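So you can see what is in the structure, the chains are spelled out below.
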Amino acid sequence: MWLGGLTPATWLAWRFVTGRLGANPIEEILHRLGGTALIFLLATLSVTPIRSLTGWNSIIQVRRTLGLFSFFYLTMHFLVYAILDQTLDWEFIIEDLTERRYIIVGFTGWVLLIPLAVTSTKKWIRKLGKRWQRLHRLVYISTALGVAHFYWQVKADTYWPLVATAVLVALMLFRFQIWINRRPLDPGSKQLKQSVNSPKDL
Amino acid sequence: MLIKRSEDIPSSDITPESTYLNRRKFIAGFGLGGALGSSMIRSQFDSAKVLEDEFSRTQKDWSRVRSDLDEELNSYEDVTTYNNFYEFGTGKDDPAKNSHTLKPHPWNIEVDGLCAKRGTYGLEEFIKPRNMEDRVYRLRCVEAWSMVIPWYGFSLKEVIDWAEPLGSARYIEFTSLYNLEQMPMQRSFVLEWPYVEGLRLDEARHPLTILVTGVYGRELPNQNGAPLRLIVPWKYGFKGIKSIVKIRFTETQPLNTWQQSTPREYGFYANVNPGVDHPRWSQARERRLGELRKRPTLMFNGYGEQVANLYSGMDLRLNF
Ligand code: HEM
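Calculation notes
- Residues numbered from 1 in each chain as written.
- Chains lettered and ligands numbered in written order.
- Predicted model: local features only at pLDDT ≥ 70, side-chain atom pairs only at ≥ 80, totals over all residues.
- Heavy atoms only, no water.
- Donors = N, O, S within 2.8 Å, 3.2 Å for Na, K, Ca; no water.
- Tetrahedral: all angles 85-135°; square planar, octahedral: opposite > 155°, others 65-115°.
- Helix = DSSP H or I, 4+ residues; strand = E, 2+ residues; numbered from the N terminus.
- Buried < 20%, exposed > 50% of the residue type's maximum accessible area, 1.4 Å probe, protein only.
- Expected span 1.5 Å × (residues − 1).
- Bend = angle between axes of the 7 residues up to and from the residue.
- Contact = heavy atoms within 4.5 Å.
- Buried area = accessible area lost by both parts, 1.4 Å probe.
- Salt bridge = Lys/Arg side-chain N within 4 Å of Asp/Glu carboxyl O.
- Phe/Tyr/Trp six-rings, centres within 6.5 Å; stacked < 30°, edge-to-face > 60°.
- Lys NZ or Arg CZ within 6 Å of the ring centre and 35° of its normal.
- Core = buried A, V, L, I, M, F, W, Y, C linked by side-chain atoms within 4.5 Å.
- 1 Å grid on protein atoms, 1.4 Å probe; cavity = no way out; pocket = protein on both sides within 12 Å on 5 of 7 lines; lining within 4 Å.
- Points joined across faces, edges and corners; volume = space filled by probe spheres on them.
- Nonpolar A, V, L, I, M, F, W, Y, C, P; charged D, E, K, R; others polar.

Engineer: How should I be thinking about the coordination of the iron atom of the ligand in this particular structure?
Structural biologist: Four donors placed tetrahedrally around a metal ideally meet at 109.5 degrees, and six donors placed octahedrally ideally meet at 90 or 180 degrees. All names here are of chain A. Taken together, His77 (NE2) and His149 (NE2) make up the protein donors of the iron atom of the ligand, found 2.0 Å from the metal. In this structure, the iron atom of the ligand is surrounded by six donor atoms whose angles at the metal cover 86 to 179°, and the resulting shape is octahedral. Here His149 lies in helix H8 (residues 138-153) and His77 lies in helix H3 (residues 63-85), a separation of 72 residues in the sequence. Take His77 and His149: they sit in the same class, and that class is buried.

Here it is, written out as structure tokens:
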């Protein structure tokens, strides 16, 4: 898992060191990190559907790692933007953060993930109890903002942003379906209630 | 081969004499000499290994060439591996990867519309009478990156004077090749095909506006718009239509492809202007390829002295 998660970063670093990032390396790094982060976010959201479709229960163990890798790549994405792309020219960063729609939504998406990363430990899960699940549903909003950000930054070729949108919509529909199926059962069924209470389920 | 000096072009836009002399020697080395399009050079070069040193010598000379603002050139590799040419894909490296399907020889240019010289001309006969020269220009993409490139070509004005436009002609429209075998990505719906661009006739006649057949003294590679493309250095790069098959004189303003696609974001004029942002991003700065820190974008891409008078009295915010 860790191996898979670090492969994109290693590959980027390798191409950076050997000068194989093309004519505009900063843009290339920025884009690869953004794309990788989005893939990790969508993978994180796929865990529960895969689990309930296949009954492969142990897959749940990778969800937190996937989520943390998403955050890792997004943070790198942001740092590359701020340090390499904007060379920490605050005047322009602030202009971007206040005036550019795609930056505003992307930034919001990243900021929303900070509390999730912080509360990803066992201690926090226990401490927050049921509220932990509600908090961690923010990942849907973050991902949606990330997809909107992606869509708004392309010039004309919306193919990949639309693919990402389709995947996200499918995952959310699946999610809704689980909620809808559960609700009428909830009050009567102890077993289901229990499973909903377990933060690992969301 | 004649270098035409125009009052309007700063002398450093034109090849320094030393480079020029070496180029002549280089060309003479093939036993061709005289005025010729660089189109033949590379094919000769490929088959004649002996001439390689001669070639690398000419290449070395490029390192001393600067733009009118004393800027360094971007490398041949930068110029030929990073650009937009959606007919071959939307990635910046797609044109270099995919444009091998383009067949720039033989090639015809159709001249049409309000002019005396309507007809179809073979590329060689179209180019032969023109005064070819090297021109070092900044290229500023609407996506906020830029390069400095030594193009090789001739003034569009020569073509216009030759074509004898009628008094009613006010614009010139260019059309790119439309061919699904040679440009497979024209199957996609990213843009409407074929690609169309246009200029007001006075912009087209401006001495800085050129038709290009080469870069770095070599034949224009497919990915850069072989065999003939437009360069208008004070406008965003998308005005520089590639692989031109048709030139038409019109009375009404042509609808260029990007304007047609997203009229809110791309206009007809597309003059480089740091004061008018793209609706989604800033145009105040640009990344010069090869540099870390973004540099301020210059009004009319640094060619304001020569071209600002074309737009006197116009609201450039409305005519973006
Ligand atoms: C949920 C959060 C985010 C996600 C999922 C995300 C994802 C992406 C993706 C997929 C791309 C395009 C990659 C490509 O075209 O191949 C991208 C581009 C970009 N992102 Fe993000 N991003 C996020 C947050 C941010 C933040 C916080 C910033 C900076 C404040 C940022 C700045 C940029 C910039 C500047 C670009 C490139 C725009 C261009 O080249 O014109 N992103 N991002």
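Right, picking up where we left off after that structure.
Engineer: Would you explain helix H1 (residues 2-17) of chain A in this entry?
Structural biologist: Every α-helix winds through 3.6 residues per turn, so residues three or four apart in the chain are directed the same way. Residue and element names in this part refer to chain A. Under the 1.5 Å per step criterion, the end-to-end length of H1 is 22 Å for 16 residues, consistent within 8% with the ideal 22 Å. At Pro8, H1 is bent by approximately 30°, the largest bend along its length. Within H1 the residues assigned to the buried category are Gly5, Ala9, Leu12 and Arg15. Tucked inside the fold, the buried residues of H1 contact helix H2 (25-54) and H3. Count one or two residues on from H1 and you reach Gly19, which has phi positive near 65°.

Engineer: In this structure, what is going on with the interface of chain A and chain B? I would like to understand it.
Structural biologist: On the chain B side, the residues contacting the 21 residues of chain A number 24 residues. Summing both partners gives a buried area of about 1900 Å² for chain A against chain B, and 47% of it is carried by carbon and sulfur. Broken down residue by residue, the surface that chain A buries against chain B is led by A:Ala23, A:Arg100 and A:Lys155, which jointly contribute 35%. Run the count over chain A and chain B and you get six salt bridges. Between B:Arg293 and A:Asp89 there is a salt bridge whose closest N-O contact spans 2.4 Å.

Engineer: Whenever I open this one, the packing of aromatic side chains confuses me. Can you help?
Structural biologist: How two aromatic rings sit relative to each other is set out by the distance from centre to centre and by the angle between their planes. All names here are of chain B. Taken as a whole and judged by the stated rule, the model has 24 aromatic pairs over all chains. An aromatic cluster of three or more residues is present, and its members are Tyr171, Phe268, Tyr269, Phe300 and Tyr311. Its guanidinium or amino end placed over the ring of Phe268, Lys239 lies 4.4 Å from that ring's centre, counting from NZ or CZ.

Engineer: When you look at the nonpolar core in this model, what are you seeing that I'm missing?
Structural biologist: Side chains of nonpolar character tend, in soluble globular proteins, to be buried together. Within the largest apolar cluster, 83 residues are counted, with the highest numbers of intra-cluster contacts made by B:Phe126, B:Trp151, B:Leu156, B:Ile172, B:Phe174 and B:Leu211. Examining the composition of this core, we find that seven residues originate from one element, strand E4 (residues 145-155) of chain B, more than from any other. Dropping the residues within four chain positions of it, B:Ile172 is found in contact with B:Leu156, B:Ile160, B:Glu197, B:Gly198, B:Leu199, B:Leu201, B:Ala204, B:Ile247, B:Arg248, B:Phe249 and B:Pro254. Membership of the second largest hydrophobic core comes to 36 residues, among which are A:Phe40, A:Val47, A:Ala164 and A:Leu171.

Engineer: I keep staring at empty space enclosed by the protein and nothing clicks. Help me out?
Structural biologist: A water-sized probe rolled over the atoms picks out the places where empty space is left. All names here are of chain B. Under the counting rule described, the total for this entry stands at three cavities of 30 Å³ or more. Its volume calculated, the largest cavity comes out at about 320 Å³. For the largest cavity, the lining is made up of 25 residues, of which Asn84, Phe85, Gly237, Phe238 and Lys242 are closest to its centre. Counting residues per element, the lining of the largest cavity draws most heavily on E4, at four residues. For the lining of the largest cavity, the per-class residue count stands at 15 nonpolar, six polar and four charged. The space that makes up the second largest cavity amounts to roughly 80 Å³. For the second largest cavity, the lining is made up of 14 residues, of which Leu139, Ile231, Val232, Pro233 and Lys235 are closest to its centre. When residues in the lining of the second largest cavity are grouped by element, the largest group, four residues, is from strand E3 (residues 133-140). Each residue belonging to the lining of the second largest cavity can be placed in one class, and the counts come to seven nonpolar, three polar and four charged.

Read these as layout, nothing more, since geometry by itself doesn't imply function.
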